Amino acid sequence: MTADARASLPELGADASREYRLGIMGGTFDPIHYGHMVTAEQAREALDLDLVLFMPAGSPAFKQGQRVTDAEDRYAMTLLATAANAAFDASRFEIDRVGVTYTVDTLVELRAHYPENVRLFFITGADAILDLLTWRDAGRMAELATFIAATRPGYNIEQARRRIEASGLPFDVRYIEIPALAISSTNIRARVAAGKSVRYLTNESVIGYIRKHGLYNESVVERTDVL
Ligand code: NAP
């Protein structure tokens, strides 16, 4: 890990006599929206997290060959959305890493960076967690973090639960239902492209950024087809 990458991480773990709980909110965030914000807030509350670090993936592993908005724009929107919450932080950690973004690399580096009394929780959407076993070095990831899978109402977690159990890997996965996840990045992009309102789906500052930088203006039909 470079000195710059280390400097971009929040300090945590100073008091060796207590456990600190760090949430890592992993996603493409194209764009970030209230579903993500509510997920992070409810995960923080449910798992008693000290801090949630929003970490936009630089070059998402399962989106190679697909069009994804520039990482700097996705990071800037994440920064805007999280700025007002003292328990949230936005991180350049994955966008500054060269090459495909693998979660195992992030967890290995964070584990090496923080003292033992900092416990890692990786938060993401349940659809992504369904494929957890196909992620690079799944066995190593299972040892490094507790996983929090955010589900939409009505989402059946049994398939993911069975798949992970059958693997025999020591994954600790917690499922939390987030009604606000009816909001999706795909839908926001499509609405912007169609000239429709996205107010109240994400922060005003994020909407302002989308407008100012002309994001999602072109037809996203081909993109939504592949997502
Ligand atoms: P995705 O397939 O775009 O997302 C799957 C579903 O989860 C979508 O419905 C998405 O909704 C939702 N979602 C994504 N991130 C979320 C979050 N933090 N909280 C709540 N819901 C969320 O997944 P992705 O964005 O590519 O990947 C998610 C995370 O898993 C990233 O950190 C990525 O690096 C990691 N990952 C790692 C590997 C690997 O290491 N090989 C492979 C795949 C994914 P929205 O579209 O509305 O966000």
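Preceding this paragraph is the structure being described.
None of these values were measured; they are calculated from a predicted model.

### As for the site of the ligand
Part 1: Around the ligand, a shell composed of 26 residues is seen, among which Thr28, His33, His36, Lys63 and Ser185 lie nearest.
Part 2: Contacts to the ligand include serine 185, whose backbone N or O atom sits 2.8 Å from an oxygen atom.
Part 3: Where the shell around the ligand is concerned, the elements lending two or more residues are strand 1 (20–27), helix 2 (34–46), strand 4 (118–125) and helix 5 (126–130).
Part 4: The class makeup of the residues in the shell around the ligand is 11 nonpolar, 11 polar and four charged.

### What about the pairing of strand 4?
Part 1: Strand 4 sits mainly inside the fold: six of its eight residues count as buried.
Part 2: Bridging between strand 1 and strand 4 involves six bridges; their strand directions are parallel. Residue pairing across strands places tyrosine 20 opposite valine 118, the latter belonging to strand 4.
Part 3: The pairing of strand 4 with strand 5 (residues 146–151) spans five bridges and is classified as parallel. When the bridges of strand 5 are listed, threonine 124 appears paired with alanine 149.

### Side note on the packing of helix 3 (residues 71–82) against helix 9 (residues 204–212)
Part 1: For the pair helix 3 and helix 9, the least separation of the axes is 8 Å and the interaxial angle reads 155°. Taken together, helix 3 and helix 9 sit at an angle that is classed as roughly antiparallel. Taken as a pair, helix 3 and helix 9 cross one another with a handedness that is right-handed. Contacts between helix 3 and helix 9 involve Glu72, Asp73, Ala76, Met77, Leu80 and Ala81 from the former and Ser205, Val206, Tyr209 and Ile210 from the latter.
Part 2: Taken together, the residues of the contact of helix 3 with helix 9 break down into seven nonpolar, one polar and two charged.

About the cut-offs
Each chain has its residues counted from 1, running along the sequence as written. A pLDDT threshold of at least 70 governs which residues receive local features in this predicted model, and a stricter bar of 80 or more applies before side-chain atom pairs are shown or counted, although totals over entire chains, interfaces and linings include all residues. Only hydrogens and water are set aside; all other atoms, that is, all heavy atoms of the structure, feed into the side-chain values. The cutoff for a nearby residue is simple: one of its non-hydrogen atoms must lie within 4 Å of the molecule or strand. Here a polar contact means two N or O atoms within 3.5 Å. Within protein one must be a hydrogen donor candidate and the other an acceptor candidate, and residues neighboring in sequence count only if both atoms are side-chain atoms. Counting from the N terminus, the helices are DSSP H or I runs at least four residues long and the strands are E runs at least two residues long. Residues are grouped as follows: Ala, Val, Leu, Ile, Met, Phe, Trp, Tyr, Cys and Pro are nonpolar; Asp, Glu, Lys and Arg are charged; every other residue, Gly included, is polar. Relative accessibility under 20% of the residue-type maximum defines a buried residue, over 50% an exposed one, and the middle range a partly exposed one, all with a 1.4 Å probe and only protein chains included. Strand pairing is defined by DSSP finding a minimum of two bridges between the two strands. In this analysis, axes come from line fits to C-alpha atoms, helices being fitted only over the stretch in contact, and the angle between any two N-to-C directions falls in the range 0 to 180 degrees. Oblique is the label for every angle not falling under 35 degrees (roughly parallel), over 145 degrees (roughly antiparallel), or within 65 to 115 degrees (roughly perpendicular). Should the near helix be turned counterclockwise from the far one by less than a right angle, the crossing is left-handed, whereas a clockwise turn marks it as right-handed. Any pair of residues with heavy atoms lying within 4.5 Å of one another is described as a contacting pair.

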